[in-house]
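# Secondary and tertiary structure notes
Chain by chain, the residues:
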Amino acid sequence: MDYDINYIETSYNAEELHDIFIKEFIQFRKENNLTQELFAKYSNVTREKIARIESNYSSPSLLSLLKILAPIGYTIKIEKVKKN
């Protein structure tokens, strides 16, 4: 029986995962032709907050992320991580 079936493999630490998230957040917004202003309008989060997240000036709260993602059909998923 494979007990690791519910885990995702990662060799990144928390800071590296944060940096990857920010890059993917920006990429996602641009790929969907969303300006920071439009993203802010849909999510009821200020454009300034989105800019601070994207510039890595501040980390988004869970509530902010849910507000940003929900109106465009996304959410956050918690996954088990297995370090190499």
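Presented here is an overview of the structure given in this document. (Residues numbered from 1 in each chain as written. Predicted model: local features only at pLDDT ≥ 70, side-chain atom pairs only at ≥ 80, totals over all residues. Heavy atoms only, no water.)

## Some details on the pattern of salt bridges
- For the structure on display, the rule yields 3 salt bridges.
- One salt bridge connects R29 with E54, and the closest N-O pair in it is separated by 2.6 Å. With R29 in helix α1 (residues 14–31) and E54 in helix α3 (residues 47–54), this pair connects stretches of sequence that are 25 residues apart. Like R29, the residue E54 is buried in the burial classification.
- Across the salt bridge formed by R47 and E48, the nearest N and O atoms sit 3.9 Å from each other.
- One connected set of salt bridges, linked through shared partners, spans E37, R47 and E48. (Salt bridge = Lys/Arg side-chain N within 4 Å of Asp/Glu carboxyl O. Helix = DSSP H or I, 4+ residues; strand = E, 2+ residues; numbered from the N terminus. Buried < 20%, exposed > 50% of the residue type's maximum accessible area, 1.4 Å probe, protein only.)

## Some remarks on the layout of surface pockets
- Computed from the structure, the largest pocket encloses a volume of approximately 620 Å³.
- In terms of lining residues, the largest pocket is bounded by 19 residues, among which L17, F21, E24, I76 and K77 are the most central.
- Contributions of two or more residues to the lining of the largest pocket are made by α1 and α4 (62–69).
- At 7 residues, α1 tops the list of elements feeding residues into the lining of the largest pocket. (1 Å grid on protein atoms, 1.4 Å probe; cavity = no way out; pocket = protein on both sides within 12 Å on 5 of 7 lines; lining within 4 Å. Points joined across faces, edges and corners; volume = space filled by probe spheres on them.)

## Topic: the packing of α1 against α3
- Put simply, α1 and α3 touch, their axes get as near as 9 Å, and they point 130° apart. Taken together, the axis directions place α1 and α3 in an arrangement best described as oblique. Between α1 and α3, the contacting residues are I22, F25, I26 and R29 on the first element and I50, I53 and E54 on the second.
- For the contact of α1 with α3, the per-class residue count stands at 5 nonpolar, no polar and 2 charged. (Axes fitted to C-alpha atoms, helices over the stretch in contact; angles between N-to-C directions. Parallel < 35°, antiparallel > 145°, perpendicular 65-115°, else oblique. Contact = heavy atoms within 4.5 Å. Nonpolar A, V, L, I, M, F, W, Y, C, P; charged D, E, K, R; others polar.)

## A word on the nonpolar core
- Counting residues in hydrophobic clusters, the biggest one holds 11 residues: I22, F25, F28, L34, F39, A40, V45, I50, I53, L65 and I68.
- For this core, the secondary structure elements donating two or more residues are α1, α2 (36–43), α3 and α4.
- Of all the elements, α1 adds the most residues to this core, at 3 residues.
- If we skip the residues at most four places from it in the chain, F28 touches F39, I72 and Y74. (Core = buried A, V, L, I, M, F, W, Y, C linked by side-chain atoms within 4.5 Å.)

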